[in-house]
Amino acid sequence: MDTSVWLVVGAVAVLLMAGTAAVLLVRVIRARKLLVDAGVPLHNKALVWAAVIYTVSPVDLLPDPVYLDDIGFLLLALRSLHSAAHAAGAGRRKPAVTGTESGGNLSATGSN
């Protein structure tokens, strides 16, 4: 193969890794609100922190130029966190309490 073909393949691989890293960064930033929510189980929160520690640690299953194990473990932890938060009902908007929902019978004269 020609050198220019290898350069194109390398550039495409770098762009794919950069895109995946950007998506992962956005998901991590969105997940920090779920990490402080009381409704999400502790083991799901701990899994996210373990994935972050594994990502920055020098010990890897695959050599460092290949970040597939780091990205895969972090994506798995984030997916687990989001599914646990969805099951617990975390992050959903709570309905606003109005006069008719509070159980009272409000009339125009103000008497109940």
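Residues numbered from 1 in each chain as written. Predicted model: local features only at pLDDT ≥ 70, side-chain atom pairs only at ≥ 80, totals over all residues. Heavy atoms only, no water.

**Some details on the overall build of the protein chain**
Put simply, the test is: In this text, helices come from DSSP runs of H or I with a minimum length of four residues, and strands from runs of E with a minimum of two, each type numbered from the N-terminal end. Only protein chains enter the calculation, and the probe is 1.4 Å; a residue is then buried if its accessible area is under 20% of its type maximum, exposed if over 50%, and partly exposed in between. In this description, contact between two residues means that some pair of their heavy atoms is separated by no more than 4.5 Å. Areas reported here follow the Shrake-Rupley algorithm with a probe of radius 1.4 Å; residue values treat only the protein chains shown as occluding.
Scanning the protein chain for helices and strands turns up three helices and zero strands. Going from the N terminus to the C terminus, the protein chain shows its helices and strands as α-α-α. Counting only residues that meet the buried cut, the protein chain has 20% of its 112 residues in that class. Contacts spanning at least 24 positions in sequence make up 57% of the contacts within the protein chain whose residues lie at least 6 apart. Total accessible area on the protein chain stands at roughly 8500 Å², and carbon and sulfur atoms take up 69% of it.

**Side note on the UniProt feature "transmembrane region" (unreviewed entry) in the protein chain**
What counts is decided by this rule: UniProt positions are given in the numbering used here, feature names are shortened, and annotations may be inferred rather than shown by experiment.
UniProt tags residues 6-26 as "transmembrane region" (unreviewed entry). In residues 6-26, helix accounts for 100% and strand for 0%; the two terminal C-alpha atoms are 30 Å from one another.

**Quick word on the side chain of Asp69**
Basically, it comes down to this: Any N or O atom pair separated by 3.5 Å or less is treated as a polar contact, with the protein-specific requirement of one donor-capable and one acceptor-capable atom, and with residues adjacent in sequence counted only for side-chain atom pairs.
Turning to its location among the elements, Asp69 is positioned in helix α3 (residues 68-88). Within the structure, the side chain of Asp69 is placed 2.7 Å from the side chain of Tyr54, a separation counted as a polar contact. Setting aside its immediate chain neighbours within four residues, Asp69 contacts Tyr54, Asp60, Leu61 and Leu62.

**Comments concerning the nonpolar core**
Selection rule: Think of a nonpolar core as a cluster: buried Ala, Val, Leu, Ile, Met, Phe, Trp, Tyr and Cys residues, connected wherever their side-chain atoms sit within 4.5 Å.
With 14 residues, the main nonpolar core has Leu24, Val40, Val48, Leu74, Leu78 and Leu81 as its most contacted residues. Secondary structure elements with two or more residues in this core: α1 (3-35), α2 (42-56) and α3. If you tally residues by element for this core, the top one is α3, at seven residues. Every residue in contact with Leu81, bar those within four places of it in the chain, is listed here: Ala31, Leu34, Leu35, Val40, Asn44, Lys45 and Val48.

**What about a nonpolar patch on the surface?**
The test is simple: Patches here: salt-bridge-free residues with over 30% relative accessible area, like charges joined within 9 Å, nonpolar side chains (Val, Leu, Ile, Met, Phe, Trp, Tyr) joined within 5 Å. In the sections that follow, a salt bridge refers to a side-chain nitrogen of Lys or Arg positioned within 4 Å of a carboxyl oxygen of Asp or Glu.
Among the surface-exposed residues, Val5, Trp6 and Val9 lie close enough to one another that they form a single nonpolar patch of about 290 Å² accessible area. Secondary-structure assignment places Val9 in helix α1.

**What about α1?**
What counts, and what does not: In a helix, the anticipated span is given by 1.5 Å times the number of residues less one.
With 33 residues, α1 should reach 48 Å at 1.5 Å per residue; the first-to-last C-alpha distance of 47 Å fits that figure. Every buried residue of α1 is accounted for by Leu24, Ala31, Leu34 and Leu35. Those residues of α1 that are buried are in contact with α2 and α3.

**Brief notes about the packing of α1 against α3**
Cut-off, in case you're wondering: Only the contacting stretch of a helix is used when fitting its axis, a line to C-alpha atoms as for every element, and angles between N-to-C directions run 0 to 180 degrees. Two helices that cross are described as forming a left-handed crossing if the nearer one is turned anticlockwise from the farther one by less than a right angle, and a right-handed crossing if clockwise. Residue polarity is assigned by list, with Asp, Glu, Lys and Arg as charged and Ala, Val, Leu, Ile, Met, Phe, Trp, Tyr, Cys and Pro as nonpolar; anything else, Gly included, falls into the polar class.
Where α1 meets α3, the axes come as close as 10 Å, and the angle between the chain directions of the two elements is 35 degrees. Remark: the crossing between α1 and α3 carries left-handed chirality. Facing Thr20, Leu24, Arg27, Val28, Ala31, Leu34 and Leu35 of α1, the residues of α3 in contact are Ile71, Leu74, Leu75, Leu78, Leu81, His82 and Ala85. Here the residues of the contact of α1 with α3 sort into eleven nonpolar, two polar and one charged.

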